Amino acid sequence: TFDVEGDTYGTSPMSINPSGTVTGHWGDENGLVHGFVRADDGTITSFAAADGTGGTFPQNINAAGTIAGYYADSNYLFHAFVRTNDGTLTEFDAPGAMSTVANSINGKGAITGYYLDGNFAAHGFVRSPGGKFRSFDVQDAVGTFPNNISDTGLVTGWYTTADENYHGFLRSND
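The following refers to the structure shown.

Thresholds applied
- The residue count restarts for each chain, going from 1 along the sequence in the order it is written.
- Residues qualify for local features only when their pLDDT is at least 70, as the model is predicted, and side-chain atom pairs are given and counted only at 80 or more; totals for whole chains, interfaces and linings, by contrast, use all residues.
- Just so you know, side-chain values use all the structure's heavy atoms and leave hydrogens and water out.
- By the criteria applied, helices consist of DSSP H or I runs no shorter than four residues and strands consist of E runs no shorter than two, each listed in order from the N terminus.
- Whether two residues are in contact is decided by their heavy atoms, any of which lying within 4.5 Å being enough.
- By the convention used here, strands pair only if DSSP detects at least 2 bridges between them.
- Convention adopted: a line fitted to C-alpha atoms gives each axis, helices being fitted over their contacting stretch, and angles between N-to-C directions are expressed from 0 to 180 degrees.
- Residue types Ala, Val, Leu, Ile, Met, Phe, Trp, Tyr and Cys, when buried and joined through side-chain atoms within 4.5 Å, form a set referred to as a nonpolar core.
- Three labels apply to residues, based on accessible area from a 1.4 Å probe with only protein chains included: buried if under 20% of the type maximum, exposed if over 50%, partly exposed otherwise in between.
- A pair of aromatic rings is counted whenever rings of Phe, Tyr or Trp (Trp by its six-membered ring) have centres within 6.5 Å, and the orientation is called stacked for planes under 30 degrees apart, edge-to-face for over 60 and tilted otherwise.
- Any Lys NZ or Arg CZ found within 6 Å of a ring centre and within 35 degrees of that ring's normal is scored as a charge over the ring.

## Some remarks on the environment of V101
- Secondary-structure assignment places V101 in strand β9 (residues 99-105).
- Sequence separation between V101 and G69 is 32 residues, and the spatial gap between their C-alpha atoms is 6.8 Å.
- Setting aside residues up to four positions removed in sequence, V101 forms contacts with Y70, F78, G113, Y114 and F125.

## Structural notes on the sheet that holds strand β4 (residues 44-47)
- Taken together, 4 strands build an open sheet; the order of strands is β1-β2-β3-β4 and the sheet is antiparallel. Edge positions in the open sheet fall to β1 (11-16) and β4, since each of these has one partner strand only. Each adjacent strand pair in this sheet contributes to an overall mean axis angle of 25 degrees, direction not counted.

## Let's talk about the nonpolar core
- Counting 11 residues, the largest nonpolar core is built from A68, A80, V82, F92, A94, A102, I105, I111, Y115, F125 and F133.
- Secondary-structure elements contributing two or more residues to this core are β7 (78-83), β9 and β10 (111-116).
- If we ignore the near neighbours within four places in the chain, the residues touching F92 are H79, A80, F81, V82, T100, A102, I111, F125, R127 and F133.
- Ranked by size, the runner-up nonpolar core spans 8 residues in total, among them F136, V138, I149 and V155.

## Quick look at the packing of aromatic side chains
- Scanning the model with the defined rule gives 11 aromatic pairs in all.
- Where Y70 meets F78, the ring centres are 5.0 Å apart and the plane angle is 65 degrees; that geometry is what we call edge-to-face.
- Owing to a relative accessible area of 16%, Y70 belongs among the buried residues under this scheme.
- For F78, a relative accessible area of 29% gives the class partly exposed.
- On the numbers, 5.4 Å between centres and 55 degrees between planes, the contact of F125 with F133 is tilted. In this pair, the class of F125 matches that of F133, namely buried.
- Grouping aromatic residues by their ring pairs yields a cluster made of Y114, F145, W158 and Y166.
- Stacked on the ring of F136, the Lys or Arg R171 has its end atom at 4.5 Å from the ring centre.

In structure tokens form, the structure reads like this:
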């Protein structure tokens, strides 16, 4: 078992890569949520997005140790980030997004997640390792929520329909 030193609200691991490196989040005594990386030797490094005053939430780590996740700003709007294994954290939003959530990163560095537009409608996206965005929606969906992306670019997740039912999808890389 393990806990992040200083944790008072719980250590929540979210993902592990093939070498045993774990990422997740933890809460401090002030209720602020931080991200962490736990190396396979047990060393834990804490991190936070620059404007992560509403919390930093790592979601997934790939074999190279690159992490995708999101943070909440002072207005509690979400913004996505990618953090390389050297600690460089790059924040990003989907074009035209009010909020962006990154849920998964594959071995090639492609990221998937969803964003909310100005009408609070959720749309899926794939962000290439170079930063190019492709937005997508499941046909007849009122909200598209990708959860994972494979190394071949397949994306899976769920979507909602007007009758408020949830359904799964699998999107090909083309």
